[in-house]
Amino acid sequence: MPELPEVETVKRTLQQLVVGKTIEEITVHWGKIIKKPDDVAEFCHLLIGQTIRDIERRAKFLKIILDDYVIVSHLRMEGRYGLHQKDEEIDKHTHVIFSFTDGTELRYRDVRKFGTMHLFLKGEENTNLPLAQLGMEPFDEKFKPSTLKKLFKDTNRKVKVTLLDQSKLVGLGNIYVDEALFRSGIYPERLGKDLSDKELKKLHQEIKDTLQEAIDLGGSSVKSYVNGQGEMGMFQQQLYVYGRKGEPCKVCGTPIEKTVVGGRGTHYCSKCQKKK
Ligand SMILES: [Zn+2]
């Protein structure tokens, strides 16, 4: 599953590939990807003649900004976009094809078919599901150490559980939350409300730095979510704890341990991450 840095990478790649292109035709081979409107034919009809003006990201959703509409797209497990020439062979896992007036096509391919697309009139996308009720973006300038303090206050949840809650803060999936907690020296099972101001400040900084470094390196996935650019996720080599059970901690040499927190596999260093 792509996390925020991978989706940000897809966004930037798509910006280079499709902004300015005008839709001539849409072909949908698997209608269940289209969640809104109910009628797939309407989805196709409304988009004809629309030009892609920008690609944005909100949490792990891509927003394809058109003249009058916005498509909110989630890749889920296996979804990916690729730019092709019209005469190129169509892969059997290709479910949605945006054909452009310049003879190219943006093809959405999804082996598991879990991905989703919602079409909104421009301006209505943020106040409706699936984007409504999403928490703060970690790169929003309003995100401060005090934001974390507020999220952790009045709850007995473990720090990792709150950080994974997308209605509080978006973009931290299992990989990046483990990495940010390691880099902050915080044991994942501690209660958020017990963190000191100094720890909150460090955690706030490490959340941003971890995600930013992953974005700079093209995400942590070894798969490329957009073809044609071939960016490999180099961040995987930078991981301190995630997926490194039994391997020596890169800081102190202690073998990395794995436990379960909030139902999720959790990697940590018992020496670098203080339990109190
Ligand atoms: Zn260590």
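Higher on the page you've got the structure.
Residues numbered from 1 in each chain as written. Predicted model: local features only at pLDDT ≥ 70, side-chain atom pairs only at ≥ 80, totals over all residues. Heavy atoms only, no water.

A. Broad picture of helix H3 (residues 145-152). Burial in H3 covers these residues: Thr147, Leu148, Leu151 and Phe152. The buried residues of H3 occupy an angular sector of 130° when the element is viewed end-on, so they sit on one face. Buried residues along H3 sit in contact with helix H4 (159-164) and helix H6 (197-216). Just downstream of H3 lies aspartate 154, where phi reads positive at about 60°. (Buried < 20%, exposed > 50% of the residue type's maximum accessible area, 1.4 Å probe, protein only. Helix = DSSP H or I, 4+ residues; strand = E, 2+ residues; numbered from the N terminus. Arc of directions from axis to C-beta. Contact = heavy atoms within 4.5 Å.)

B. Inspection of the pattern of salt bridges at higher detail. Evaluation of the coordinates by the stated rule reveals 22 salt bridges. Note that arginine 57 is salt-bridged to glutamate 8, the shortest N-O span being 2.6 Å. Here arginine 57 is found in strand S3 (residues 54-58), whereas its partner glutamate 8 is found in helix H1 (residues 4-18), with 49 residues between them in sequence. Glutamate 8 carries the same exposure label as arginine 57, and that label is buried. Linked through salt bridges whose partners overlap, the residues forming this network are Glu8, Lys11, Arg12, Arg57, Arg58 and Glu137. (Salt bridge = Lys/Arg side-chain N within 4 Å of Asp/Glu carboxyl O.)

C. Seen up close, H1. Taking 1.5 Å of rise per residue, the 15 residues of H1 would be expected to cover 21 Å, and the 21 Å separating its terminal C-alpha atoms lies within 8% of that figure. Burial of H1 is extensive: 12 of the 15 residues sit out of reach of the surface. Listed as buried for H1 are Leu4, Pro5, Glu6, Val7, Glu8, Thr9, Val10, Lys11, Thr13, Leu14, Leu17 and Val18. Looking one or two places after H1, you find glycine 20, whose phi comes out positive at around 100°. (Expected span 1.5 Å × (residues − 1).)

D. Representation of the coordination of the zinc ion. On the protein side, the zinc ion has Cys249 (SG), Cys252 (SG), Cys269 (SG) and Cys272 (SG) as donor atoms, found 2.2 to 2.4 Å from it. Metal-centred angles of 100 to 114° between the four donor atoms at the zinc ion mark the site as tetrahedral. Positions of the donor residues of the zinc ion, expressed as sequence spacing, correspond to C-x2-C-x16-C-x2-C. (Donors = N, O, S within 2.8 Å, 3.2 Å for Na, K, Ca; no water. Tetrahedral: all angles 85-135°; square planar, octahedral: opposite > 155°, others 65-115°.)

E. Structural view of the sheet that holds strand S7 (residues 94-100). Read from one edge of the open sheet, four strands run S1-S7-S8-S6, paired in antiparallel fashion. Only two strands of the sheet have a single partner each, and these edge strands are strand S1 (23-28) and strand S6 (80-85). Shown here is a sheet whose adjacent strand axes are inclined to one another by a mean of 20°, direction ignored. In terms of strand pairing, S6 meets strand S8 (residues 104-109) through six bridges, oriented antiparallel. By the bridge assignment for S8, arginine 80 is matched with arginine 109. Across the sheet, H1 lies against S6, S7 and S8, angled at about 20° from S6, the strand it touches most. Lying over the sheet, helix H2 (residues 40-47) contacts S1 and S7, oriented at roughly 165° with respect to S1. (Pairing = 2+ DSSP bridges. Axes fitted to C-alpha atoms, helices over the stretch in contact; angles between N-to-C directions.)

F. Region of the structure containing the nonpolar core. In terms of nonpolar packing, the biggest core is built from 28 residues, with Phe43, Leu47, Ile71, Tyr81, Phe98 and Met117 touching the most fellow members. Elements with a contribution of two residues or more to this core: H1, S1, H2, strand S4 (61-65), strand S5 (69-74), S7, S8 and strand S9 (116-121). The biggest single contributor to this core is H1, with five residues. Excluding residues within four positions of it along the chain, methionine 117 makes contact with Ile33, Ile34, Lys35, Lys36, Phe43, Ile71, Val72, Ser73, Tyr81, Val96, Phe98 and Tyr108. Counting residues in each nonpolar core, the second largest holds 23 residues, with Leu172, Tyr176, Val177 and Leu195 among its members. (Core = buried A, V, L, I, M, F, W, Y, C linked by side-chain atoms within 4.5 Å.)

G. A positive patch on the surface, seen in detail. The grouping of Lys32, Lys35, Arg76 and Lys113 at the surface amounts to a positive patch. The residue lysine 35 is located in strand S2 (residues 34-36) in this model. (Patch = residues over 30% accessible without salt bridge, like charges linked within 9 Å, V, L, I, M, F, W, Y side chains within 5 Å. Areas by Shrake-Rupley, 256 points an atom, 1.4 Å probe, with all protein chains shown as cover. Lys, Arg positive; Asp, Glu negative; His and termini not counted. Charge placed at Lys NZ, Arg CZ, Asp CG, Glu CD.)

H. Fine view of the packing of aromatic side chains. All told, the structure shown has three aromatic pairs when counted by the stated rule. Aromatic side chains tyrosine 81 and tyrosine 108 sit 5.1 Å apart centroid to centroid with 55° between the ring planes, which places their arrangement in the tilted category. Taken together, the positions of tyrosine 81 in strand S6 and tyrosine 108 in strand S8 put the pair 27 residues apart, joining distant regions of the chain. Relative accessible area serves as the criterion here: at 1%, tyrosine 81 is assigned to the buried category. The interplanar angle of 25° and the centroid separation of 5.1 Å between the aromatic rings of phenylalanine 182 and tyrosine 240 together place this pair among those described as stacked. Of this pair, phenylalanine 182 sits in helix H5 (residues 174-184) while tyrosine 240 is found in the loop between H6 and strand S10 (257-261), placing the two residues 58 residues apart along the sequence. Residue class for tyrosine 240 comes out partly exposed when judged on its relative accessible area of 26%. (Phe/Tyr/Trp six-rings, centres within 6.5 Å; stacked < 30°, edge-to-face > 60°.)

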